[in-house]
Amino acid sequence: MAEAVWSTDTGEAVYRSRDPVRNLRLRVHLQRVTPSNFLHYQPAAQMGKDLIDLATFRPPQVASGHRPDEEEEEEAVIGWQEKLFSQFEVDLYQNESACQSPLDHQYRQEVLKLENSGGRRNRRIFTYTDSDRYTDLEEYCQKITSAASETPSFLVERMANVRRRRQDRRGTEGSKLKSRIITWEPSEDFIRNNHAINTPLQTMYIMADLGPYGKLGYKAYEHVLCILKVDSNGVITVKPDFTGIKGPYRIETEGEKQEHTSAWKYTIENVSSLAQPEEEEREQRVFKDLYGRHKEYLSSLVGTDFEMTAPGALRLFVNGEVVSAQGYEYDNLYVHFFVELPANWSSPSFPQFSGVTQTCATKAVGMDKVAYFSYPFTFEAFFLHEDESADALPEWPVLYCKVLSLDFWQRYRVEGYGAVVLPATPGSHTLTVSTWRPMELGLVAELRRFFIGGSLELEDPSYVRIPSTFKGERLSRFGFRTETTGTVTFRLHCLQQSRAFMESSSLQKQMRSVLDRLEGFSQQSSTHSVLEAFRRARRRMQEARESLPQDLVSPSGTLA
């Protein structure tokens, strides 16, 4: 019967609340287990008429006017970080010589006020707040496993020595700037000392003094009833969980004598006051007004007018990333890249966009050595075809790249040149650019490149393709020797904007190139208009053929 009454689930429960934690209220009911009150308590499912009411068997008052059951049963409503002194603390803080810290002197003043006002209301139930020494000692001595002979690891000792920062100190520490953001060569001690998570957390212990009559105030009889932990995100951890519909929890104490051994039961209930409908409505109005103001602020930053391009113009916006480079001979690579805008293209800020990545050491991936840059870049350009009578087809911007390596003496070598045309369709694209480098024949050139660091370079990097400054008919590279090197990977996210996109027809949606949808290209427009007229004529001919009588359409028909 007793096994069905007690709750044996003493694990912790996690809750999350958006309300301030100062509104939390708990009711703790503590009672000594005696034969009378054990039979008097039954679960709700077992209550019936056949149970005997034992209220008439309560012991009478003693001559002093104090009934023993007043110490056998106690109930207290406790708020978050509310300090309830134990008998041990009352006796301790009455002695001024025992006060060492400012907190001890504060507690002494509060204890003296309690004594002058008639004494403390609680007798057995008391609390330890986040500022008490017991909280630090308990966090330091707590075990991680259930083993009797547990040897704490370095991480456990580190977490125990570092006191978790309280929430009110988080802002000041987070505002300090670190002088060294990256430690290039961390030592083993540095790694060990910085491998500790420091989460802002506040803790509170609800305790009980379960000593026998006349022996309250001894540390040996202190027992933990409930542990409350709250972090800065509003996560509340309760161990053990609220009683609710479960039975009470049980604590058994052992003493030197038989009369000092006893059993106690206690319940924990959440009695936090619920918000009134008027308060909830007022809170919703405050949140709605706050979100509205924030929305207006964001709208003021963005603006209400949508920025449109000029008629017949195309706006190209590219968010790119230099992902990696692989297959090169030497280590410590970096990439110099730039975008060349051909004729009829313009940029709002500068005619060319260029950038240089950081120097990256390679990593062995399979048979190749790969350098991962993850270097982001962005640029925008506008295309406007001013001369519609020109026979030349429009050109897209070209992305050029130059891969270099850096040695121990800060001397660089050219590892390869490459170029790729930007995609003509919007969306995400991953481009792999193959590179090559100029080379000289003979062993002397390779030794010079290895020891001195110098190597052949292109005076004009656009020589990788046909340079924009070349005006001749043919570009001859006869006698120019090159060597294939590695590859560079780019990831591009292209966005395009034009007024022509808003006026696209069903035929124009099937076009592959975006430029074909612009208004300025007469050749493409005339070709597509001819095809569309041919399709309309063919469709009308089929409709006319279907409307004719079958005897006229069929070749085997005869005249009457």
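The model shown is predicted, which means the values in this text are computed figures rather than measured ones. Sequence positions are assigned chain by chain, starting from 1 and proceeding in written order. Local features in a predicted model are, by the rule used here, given only for residues with pLDDT of at least 70; side-chain atom pairs are given and counted only at 80 or more, and totals for whole chains, interfaces and linings are based on all residues. Only hydrogens and water are removed before side-chain values are computed, so all heavy atoms of the structure are retained for them.

Novice: What's the story with the overall build of the protein in this structure? I'm lost.
Specialist: What the protein contains, in helices and strands, is 13 helices and 19 strands. Exposure classes here rest on a 1.4 Å probe applied to the protein chains alone. A residue is buried below 20% of its type maximum, exposed above 50%, and partly exposed in between. Residue burial in the protein is summarised as follows: out of 560 residues, 33% are buried. Counted over contacts in the protein with a minimum sequence separation of 6, partners at least 24 positions apart contribute 72%. Calculation of accessible area relied on Shrake-Rupley with a 1.4 Å probe; when residues are assessed, cover is drawn exclusively from the protein chains displayed. As displayed, the protein has an accessible area near 37,400 Å², and 53% of this comes from carbon and sulfur atoms. For helices the rule is a DSSP run of H or I covering at least 4 residues; for strands it is a run of E covering at least 2, with both sets numbered from the N terminus onward. Contact between two residues is taken to exist if any of their heavy atoms lie within 4.5 Å; hydrogens are not considered.

Novice: Could you clarify how one ought to interpret the packing of aromatic side chains in this entry?
Specialist: Aromatic rings in a pair are described by how distant their centres are and how their planes are angled relative to each other. Ring geometry is summarised as follows: Phe, Tyr and Trp rings, the Trp one being its six-membered ring, pair when their centres sit within 6.5 Å, and such pairs are stacked at plane angles under 30 degrees, edge-to-face over 60 and tilted between the two. What the rule picks out here adds up to 18 aromatic pairs. Relative to F377, the ring of F337 has its centre 4.9 Å away and its plane inclined at 45°; by these criteria the two rings are tilted. One end of the pair, F337, is in strand β11 (residues 333-340); the other, F377, is in strand β15 (residues 368-384), and 40 residues separate them in sequence. The pair F337 / F377 is uniform in exposure class, with both members buried. Above the plane of the ring of Y330 lies R413, whose end atom (NZ or CZ) is 4.1 Å from the centre. A positively charged side chain is recorded as over a ring if its NZ (Lys) or CZ (Arg) lies within 6 Å of the ring centre. The angle to the ring normal must also be within 35 degrees.

Novice: Got a minute to help me understand helix α10 (residues 277-302) in this structure?
Specialist: Residues lying three or four places apart along an α-helix face the same way, a consequence of the helix completing one turn every 3.6 residues. Taking 1.5 Å of rise per residue, the 26 residues of α10 would be expected to cover 38 Å, and the 37 Å separating its terminal C-alpha atoms lies within 8% of that figure. Count one or two residues on from α10 and you reach G303, which has phi positive near 95°. Take the residue count of a helix, subtract one, and multiply by 1.5 Å to get its expected span.

Novice: Would you mind going over the environment of G416 with me for this structure?
Specialist: Along the chain, the position of G416 falls in strand β17 (residues 412-421). Taking the relative accessible area as the measure of exposure, G416 reaches 0% and is therefore buried. With 71 residues separating them along the chain, G416 and T487 place their C-alpha atoms 8.6 Å apart. Those residues in contact with G416 that sit more than four places away from it in its chain are C401, K402, V403, T435, W436, R437 and T485.

Novice: Please explain a nonpolar patch on the surface as it appears in this structure.
Specialist: Two distance rules govern patches: like charges are joined within 9 Å, and nonpolar side chains (Val, Leu, Ile, Met, Phe, Trp, Tyr) within 5 Å, applied only to residues with over 30% relative accessible area and no salt bridge. Salt bridge, as used here: a side-chain nitrogen of Lys or Arg that lies within 4 Å of a carboxyl oxygen of Asp or Glu. Taken together, the side chains of Y297, L298, L301 and V302 make up a nonpolar region of the molecular surface, amounting to roughly 450 Å² of accessible area. Checked against the element boundaries, L298 lands in helix α10. Since its relative accessible area comes to 41%, L298 is described here as partly exposed.

Novice: Honestly, the pairing of strand β6 (residues 222-231) in this entry has me stumped. Any pointers?
Specialist: Consecutive side chains along a regular strand alternate between the two faces of the sheet. Across the 10 residues that make up β6, a large majority, 7, are buried. Across 4 bridges, β6 lies against strand β7 (residues 235-239) in antiparallel orientation. Within β7, the residue paired with L228 across the bridge is V238. Strand pairing requires that DSSP identify at least two bridges connecting the strands. Here β6 folds back onto β7, and the loop between the two strands holds 3 residues, one of which, G234, carries a positive phi near 80°.

Novice: Teacher, can you tell me more about the environment of L404 here?
Specialist: Considering the arrangement of structural elements, one finds L404 in strand β16 (residues 398-406). The spacing of L404 and N332 is 72 residues in sequence and 8.4 Å in space, taken between C-alpha atoms.

Novice: What exactly am I supposed to notice about the pattern of salt bridges here?
Specialist: Close approach of charged atoms lets side chains of opposite charge pair. Applying the stated criterion across every chain, the model contains 12 salt bridges. With a shortest N-O distance of 3.0 Å, K83 and D132 are connected by a salt bridge. In this pair, K83 is assigned in the loop between β3 (73-79) and α4 (87-93) and D132 in the loop between β4 (125-128) and α6 (133-141), connecting sequence segments 49 residues apart. This pair shows no difference in class: K83 is buried, exactly as D132 is. Put simply, R293 and D289 hold a salt bridge, and the shortest N to O gap is 2.9 Å. Of this pair, R293 and D289 both sit in helix α10, 4 residues apart, roughly one helical turn. Overall, R293 belongs to the exposed group, its relative accessible area being 56%.

Novice: How should the nonpolar core be read in this particular structure?
Specialist: F337, W345, F373, F377, V488 and F490 are the most contacted members of the largest nonpolar core, which totals 32 residues. Among the elements that make up this core, the one with the highest residue count is β15 (6 residues). Excluding anything up to four places from it in sequence, W345 contacts L314, L316, A381, F382, F383, E395, W396 and P397. Put simply, a nonpolar core is a bunch of buried Ala, Val, Leu, Ile, Met, Phe, Trp, Tyr and Cys residues held in one set by side-chain atoms that sit within 4.5 Å of each other. Listed in part, the 31 residues of the second largest apolar core include L26, I227, W264 and Y266.

Novice: Whenever I open this one, unusual backbone geometry confuses me. Can you help?
Specialist: Trans peptide bonds make up the majority, and among non-glycine residues the majority have a negative phi. Geometrically, the link from K239 to P240 is a cis peptide bond, its omega value of -5° lying close to zero. In this structure, P240 sits in the loop between β7 and β8 (249-253). Even without being a glycine, N332 presents a positive backbone phi close to 55°. Residue position: N332 is located in the loop between β10 (313-326) and β11. A positive phi angle is found at S374, which is not glycine, with a value near 55°. By secondary structure assignment, the location of S374 is in strand β15. Judged by its relative accessible area of 47%, S374 is partly exposed.

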